[in-house]
Amino acid sequence: MTLLPQLLRKQLTLALEKTDAEIPDGFQVAISLAKDARFGDYQSNSAMILAKRLKQNPRELAQAVVDAGEWDSLCEKPEIAGPGFINFKITTETLQNHTLKVFSDGHLGVPQADPAQTIIIDFSAPNVAKPMHIGHIRSTFIGDCLNRVARSLGHEVITDNHIGDWGTQFGMIIYGWKKYLNKEALAEDAIRELVRVYRQVNAEAKADEAVMQACRDELVKLQQGNADNHAIWQETVDLSLNQLRSIYDWLGISFDHYLGESFYNDRLGPVVDELTEKGLAEESDGAMCIFFRDIPALAEKPAIVRKRDGGFNYATSDLATIDYRVSELNADKIWYVVGAPQQLHFQQIFAATKMRGKNVDMTHVAHGSILGSDRKIMKTRDGDNVQLLDVLQAAVERASAIVKEKNPTLSKDEQKDISEAIGLGAVKYAELSQHRMTDYIFSWDKMLSFQGNTAPYLMNAYVRTRAIFRKLGDDVTFSDAVTIEADGERALAIKLTQFGETVPDILNDFRPNLLANYLFELAQTFHSFYEECPILKSEGGTRASRLVLCELTSRVLKQGLDLLGIRVTDRM
RNA sequence: GUGCCCAUAGCUCAGCUGGAUAGAGCAACGGACUUCUAAUCCGUAGGUCGAAGGUUCGAGUCCUUCUGGGCAUGCCA
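Colleague: Talk me through the sheet that holds strand β6 (residues 156–160); I want residue IDs and the actual numbers.
Modeller: The strand order across the open sheet built from four strands is β6-β5-β10-β11, with neighbouring strands paired in parallel fashion. A single partner strand is all that each edge strand has here, and the edge strands are β6 and β11 (361–367). Within the sheet, the average angular offset between the axes of one strand and its neighbour, ignoring direction, is 20°.

In structure tokens form, the structure reads like this:
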């Protein structure tokens, strides 16, 4: 279905072509939301932009365009304001019809991508044998949201959790496993026990060179394929993954693949060989490096693909990963949802991929950092960061206390279900409603806030819609007419039609917060409508129309929140 | 040294490719619940958009310089 701004753009373009203005090549008119509802629904600044290029009077050009246009029933005759703004107000008739179209559209007005593309999203990527801490929520929630949005637009999405399951830390883990492991504790909470063992060995190794050497020996044995060490490593990975999966399950997040670093082990050597044969990598100070001499920003920043000691770096691993994704997974695009500090690394591997002649569109979807109370980044290595699970549990507990207080008659199961939806939703929304590049200091208040611009506010709007239909019973047949009279009805209807404009926008710059903002505004608009326009107490066509608006709000909120990874419940 | 990111109300943050009187939430103050869930609504108050220049009819947004923070910068990932 065609969105309202698209219809306006088409008419505006036709109008412009009828004037005698000389339109520069490639110039396209643009329609945006009206800055202020008093001006109308949509506006175009294109007359001013064009007039500037043509050195004409912007107001006169705007007037000529408006006069030349045929606006029919789409909108009132556009008004010109200020230096040359063109303001559009959709007619009531068009808005009513369009609202019905959205209501009967299976995608709620969201246009489907054509052609659909195969997109790999690489996100979350925690390390094995370590607990996820609060810093992991950014990549995890943003990645999951982009996955949901891209799928809803009709793309073929493959989610891949590129876990850190290989590396030097396994020397210490294996050494500790053999010497200090408590099997019972391992069965109880594997990651906790692995961390305990790792820390103990780490402390010893720092103090005792012999222990350090023993760890290195264990690592070498692992790398050379020693059966015992490989079995220990495998069990460590399996146990850790089980625990990670249970958190992902709780969060409603799933991955198509868990192709971690170890998966690419035997592909690293061949990558370096190929780079060397093609002359892309060269020896420097004993290491094999790719130089980017043609790219000023990277001219003095080579990427090391093989260390002096023969070991490989994560640049090598990422190049091998790209090969697999392109040749085996047929990726058109790869999105890396990884923190901003790794920008240089991605510039390098993207540049290297281009030099290798691979044709794949890659984006580093960077995000800011979560800072500790000392304003320092919470790094994965430090053990004493706030753990993700602790935050999630605290949020659910807090929600549970409030649910019990507000709605004591609910069954135990319902209370649990609702508390989880609210608590987990609140934490997700706190993350996703913020611009992804903003750094912020971790705050329990922020994560556990349930008032104002939060997930429970949006969920509450949904609950209000369901309460009405619960009261009405099952036998609701929706009217095939929407009549818009009250201000609250008009504001809600136009807002509802804008869901389909918002969702594709998210992927323009990978911004889940645009959707969060939209849904918050929708909920606000609905709450105002709800206060102003009684539904069940109204009659006839008004009632029927309001029920449609209410049901459509319900659907858009549910679907919109689902795209953020947030679940709704019928009561709360 | 070089590069990237950030600085907006008391606090936490929006502000899309330059556009109209810079917006929310929290906190504060004043109203609205025998009513479709008040986790709500309505209203009041709160700002030299870090500083100084520049481009433009128009700058929170673009350019330059400066200040103050964060991060990255050849053998961890």
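There's more to say after this.
Colleague: Got a sec to walk through helix α6 (residues 169–180)? Specific residues and values, please.
Modeller: With twelve residues, α6 ought to run about 16 Å at 1.5 Å a step, and its terminal C-alpha atoms sit 16 Å apart, in line with that. Among the twelve residues in α6, nine count as buried, and that is most of the element.

Colleague: I'd like a description of the environment of Thr363, backed by residues and values.
Modeller: Mapped onto the fold, Thr363 is located in strand β11. Looking at Thr363, the relative accessible area reads 22%, which means it is partly exposed. Sequence spacing of Thr363 and Pro115 is 248 residues, and the spatial spacing of their C-alpha atoms is 19 Å. Ignoring any residue separated from it by four or fewer positions in sequence, one finds Thr363 in contact with Ile334, Trp335, Tyr336, Phe350 and Phe510.

Colleague: Describe the packing of helix α19 (residues 499–508) against helix α20 (residues 512–532), listing the residues and the values that go with them.
Modeller: Two elements in contact, α19 and α20, have axes separated by 8 Å at closest approach and are oriented at 160°. The angle between α19 and α20 falls in the class roughly antiparallel. Where α19 crosses over α20, the handedness of that crossing is left-handed. The segment α19 lies against α20, with Phe499, Thr502, Asp505 and Ile506 engaging Pro512, Leu514, Leu515 and Tyr518. Looking at side-chain class alone, the contact of α19 with α20 contains six nonpolar, one polar and one charged residues.

Colleague: For empty space enclosed by the protein, give the residues involved together with the corresponding values.
Modeller: The full count for this structure, using the stated rule, is one cavity of 30 Å³ or more. Approximately 60 Å³ is the volume attributed to the largest cavity. Residue lining of the largest cavity: Leu12, Leu16, Phe27, Val29, Ser44, Ser46, Ala47, Leu50, Leu61, Val65 and Ile86, and that is the complete set. Among the elements of the structure, α1 (4–18), α2 (46–54) and α3 (58–68) are those that each provide at least two residues to the lining of the largest cavity. Broken down by element, the residue count for the lining of the largest cavity peaks at three residues, all from α2. Of the residues assigned to the lining of the largest cavity, the class counts are nine nonpolar, two polar and no charged.

Colleague: Explain the packing of helix α14 (residues 388–406) against helix α15 (residues 412–432) to me, using residue names and the numbers behind them.
Modeller: Interaxial distance between α14 and α15 falls to 7 Å at its minimum, and their mutual angle equals 130°. With respect to each other, α14 and α15 are oriented oblique. Crossing geometry of α14 relative to α15 is assigned as right-handed. Facing α14, whose interface residues are Val391, Leu392, Ala395, Val396, Ala399, Ser400, Val403 and Lys404, α15 presents Gln415, Ile418, Ser419, Glu420, Ile422, Gly423, Leu424 and Val427.

Colleague: Requested: an account of the environment of Gln43, with residues and values cited.
Modeller: Relative to the elements of secondary structure, Gln43 occurs in strand β2 (residues 42–44). For Gln43, a relative accessible area of 8% translates into the label buried. Separated by 316 residues in sequence, Gln43 and Asn359 place their C-alpha atoms 39 Å apart. Setting aside chain neighbours within four positions, we find Gln43 in contact with Ala30, Ile31, Ser32, Leu33, Ala34, Lys35, Phe85, Ile86, Asn87 and Phe88. Looking at Gln43, its side chain comes within polar contact range of the main-chain nitrogen of Lys35, at 3.1 Å.

Colleague: Give me the side chain of Thr236: which residues, what numbers.
Modeller: Structurally, Thr236 is set in helix α10 (residues 227–251). Of note is the side chain of Thr236, whose polar atom sits 2.8 Å from the backbone oxygen of Ile232. Look past the residues within four positions of Thr236 in its chain and what remains in contact with it is Val128, Ala129, Phe170, Ile173, Trp177 and Leu194.

Colleague: Lay out the pattern of salt bridges with the relevant residues and their values.
Modeller: Evaluated as defined, the whole model comprises 30 salt bridges. Among the ionic pairs, Lys77 bridges to Asp67, the shortest N-O distance being 3.3 Å. One end of the pair, Lys77, is in the loop between α3 and β3 (79–81); the other, Asp67, is in helix α3, and ten residues separate them in sequence. Residue Asp67 is classed as partly exposed on the basis of its relative accessible area of 46%.

Colleague: Which residues make up the sheet that holds strand β1 (residues 32–33), and what values do they have?
Modeller: The four strands are arranged β1-β2-β4-β3 in an open sheet whose pairing can be described as antiparallel. At either margin of the open sheet sits one strand with a lone partner, and together these are β1 and β3. Pairing of β3 with strand β4 (residues 85–88) involves three bridges; the strand directions are antiparallel. Paired with Ile80 across the bridge in β4 is Ile86.

Colleague: Which residues make up the nonpolar core, and what values do they have?
Modeller: As a rule of thumb, soluble globular proteins bury nonpolar side chains together. By size, the foremost hydrophobic cluster in this structure holds 142 residues, and its most contacted members are Phe88, Leu146, Trp335, Met447, Phe499 and Leu564. With residues up to four places along the chain from it excluded, the contact list for Leu146 reads Ile121, Trp335, Val337, Val365, Ile506, Leu507, Phe510 and Pro512.

Colleague: Residue-level account of the pairing of β4, with values.
Modeller: With three bridges connecting them, β2 and β4 associate as antiparallel partners. Counted as the bridge partner of Ser44 is Ile86 from β4. Counting the residues that bridge the hairpin from β3 to β4 gives three residues, and of these Gly82 lies at a positive phi of roughly 50°.

Colleague: Kindly report on the packing of aromatic side chains, identifying the contributing residues and their values.
Modeller: Going through the model one piece at a time under the given rule, you end up with 20 aromatic pairs. Seen from their ring centres, Phe255 and Tyr258 are 5.4 Å apart, and the 65° between their planes marks the pair as edge-to-face. Looking at Phe255, the relative accessible area reads 11%, which means it is buried. Taken together, the aromatic side chains of Phe123, Tyr248, Phe255 and Tyr258 make up a single cluster linked through ring pairs. The ring of Phe450 has Arg398 sitting right over it, with the charged end atom 5.0 Å from the ring centre. Sitting over the face of the ring of Phe141, Lys428 holds its NZ or CZ atom 5.8 Å from the ring centroid.

Conventions and cut-offs
- Residues numbered from 1 in each chain as written.
- Chains lettered and ligands numbered in written order.
- Predicted model: local features only at pLDDT ≥ 70, side-chain atom pairs only at ≥ 80, totals over all residues.
- Heavy atoms only, no water.
- Pairing = 2+ DSSP bridges.
- Helix = DSSP H or I, 4+ residues; strand = E, 2+ residues; numbered from the N terminus.
- Axes fitted to C-alpha atoms, helices over the stretch in contact; angles between N-to-C directions.
- Expected span 1.5 Å × (residues − 1).
- Buried < 20%, exposed > 50% of the residue type's maximum accessible area, 1.4 Å probe, protein only.
- Contact = heavy atoms within 4.5 Å.
- Parallel < 35°, antiparallel > 145°, perpendicular 65-115°, else oblique.
- Left-handed = near helix turned anticlockwise from the far one by under 90°.
- Nonpolar A, V, L, I, M, F, W, Y, C, P; charged D, E, K, R; others polar.
- 1 Å grid on protein atoms, 1.4 Å probe; cavity = no way out; pocket = protein on both sides within 12 Å on 5 of 7 lines; lining within 4 Å.
- Points joined across faces, edges and corners; volume = space filled by probe spheres on them.
- Polar contact = N/O pair within 3.5 Å; in protein donor to acceptor, adjacent residues only side chain to side chain.
- Salt bridge = Lys/Arg side-chain N within 4 Å of Asp/Glu carboxyl O.
- Core = buried A, V, L, I, M, F, W, Y, C linked by side-chain atoms within 4.5 Å.
- Phe/Tyr/Trp six-rings, centres within 6.5 Å; stacked < 30°, edge-to-face > 60°.
- Lys NZ or Arg CZ within 6 Å of the ring centre and 35° of its normal.

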